[in-house]
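The chain contents come next:
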Amino acid sequence: SSPGNVGSGGHRLLNLFHILFKAISGAGHPVLICIEDLQWADEVTTDIIVQSVRSISELPKEGHAGGILLLGSFRDNEVPEEGFLMNNIKLLQQNANVNMLSIGELPLQDVDDMLTFKFCLPKRYIRDLAQLVYQKTRGNPIYVTEFLRSIIQKKLMAFSVKSHRWTWDDTAIDLQMISGGVVGLLTKKLKQLPS
């Protein structure tokens, strides 16, 4: 990518980002900027991000002790290896410290730990539920959270004041279906919104 891909509006935006980054990095406090779902970003957007990072790396070090950490996330299975996003990441590696972290599916043990923590119950109580949730979600962290939200909304899992703990119906939960992807989850959530 080259700065020539960014039109005059993009250049104005880059200039504004440069001024913003200079101001916030000079405040003496670290700043975290998160950009999620970069797999859906177009080429112009990724060009602007690259140019912004270059702008940050060119700031004088003195007086800018706060620093800026840019955190970008994307689904690597939805991004071509030779696409513009991956090419721009390679360009960024020339100007900045870039670390790539791959986050996969959660193993059963982590789902078990997550439920133990969320519901404040010993593992011996959670084990069967964790197994069910893991089977339904295959360990996808988003699906785990959405599936739990769904079974709570459907009152298949509730906090019992009488027993002072969460209770659930394993059989009813086992019969629940989970949507086959992010689009299914989002569609389901949108349908639940009031008109």
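Residues numbered from 1 in each chain as written. Predicted model: local features only at pLDDT ≥ 70, side-chain atom pairs only at ≥ 80, totals over all residues. Heavy atoms only, no water.

## What to know about the overall build of the protein chain
The criterion, for reference: A run of DSSP states H or I qualifies as a helix once it reaches four residues; a run of E qualifies as a strand once it reaches two. Both are numbered from the N-terminal end. To sort residues, take the accessible area from a 1.4 Å probe on protein chains only and compare it with the maximum for the residue type: under 20% means buried, over 50% means exposed, and anything in between is partly exposed. Should any heavy atoms of two residues lie within 4.5 Å, those residues are counted as being in contact.
Secondary structure summary: the protein chain contains eight helices and four strands in total. Its helices and strands in sequence order give the protein chain the pattern α-β-α-β-α-α-α-α-β-β-α-α, from N to C terminus. The burial tally for the protein chain puts 32% of its 195 residues in the buried class. In the protein chain, once contacts between residues fewer than 6 apart in sequence are set aside, the share between residues at least 24 apart is 67%.

## What to know about the nonpolar core
Where we set the bar: Here, nonpolar core refers to any group of buried Ala, Val, Leu, Ile, Met, Phe, Trp, Tyr and Cys residues whose side-chain atoms link them within 4.5 Å.
If you look at the biggest cluster of nonpolar residues, it comprises 19 residues, and the most contacted ones within it are Leu 115, Ile 126, Leu 129, Val 133 and Ile 173. Secondary-structure elements contributing two or more residues to this core are α4 (108-119), α5 (123-137), α6 (141-153) and α7 (170-174). In terms of residue count, the dominant contributor to this core is α5 (five residues). Leu 115 has contacts with Cys 120, Ile 126, Leu 129, Ala 130, Val 133 and Leu 148, leaving out every residue within four places of it along the chain. One finds Ile 49, Val 79, Met 86 and Ile 89 within the second-largest nonpolar core, a separate group that totals seven residues.

## As for helix α3 (residues 84-95)
Defined as follows: How far a helix is expected to stretch is found by multiplying one less than its residue total by 1.5 Å.
Taking 1.5 Å as the rise per residue, α3 with 12 residues should run 16 Å; its terminal C-alpha atoms sit 17 Å apart, in good agreement. Tucked into the core, α3 has its buried residues touching α2 (43-57).

## A look at the packing of aromatic side chains
Rules: Here the aromatic set is Phe, Tyr and Trp, taking the six-membered ring for Trp, and pairing holds for ring centres within 6.5 Å; pairs whose planes are under 30 degrees apart are stacked, those over 60 apart are edge-to-face, and all others are tilted. The criterion is that NZ of a Lys, or CZ of an Arg, lies within 6 Å of the ring centre and within 35 degrees of the ring normal, and then a charge sits over that ring.
Throughout the structure, instances matching the rule amount to two aromatic pairs. Ring centres of Phe 119 and Trp 166 lie 5.1 Å apart, and the angle between their planes is 65°; on these two criteria the pair is classed as edge-to-face. Here Phe 119 is found in helix α4, whereas its partner Trp 166 is found in strand β4 (residues 165-168), with 47 residues between them in sequence. Judged by relative accessible area, Phe 119 falls into the buried class, the value being 7%. Considering the side-chain rings of Phe 159 and Trp 166, the 6.0 Å spacing of their centres and the 75° angle between planes classify their relative orientation as edge-to-face. By the ring-pair criterion, three or more aromatic residues cluster together here, those being Phe 119, Phe 159 and Trp 166. Positioned over the ring face of Tyr 125 is Arg 165, at 4.8 Å from the centre of the ring.

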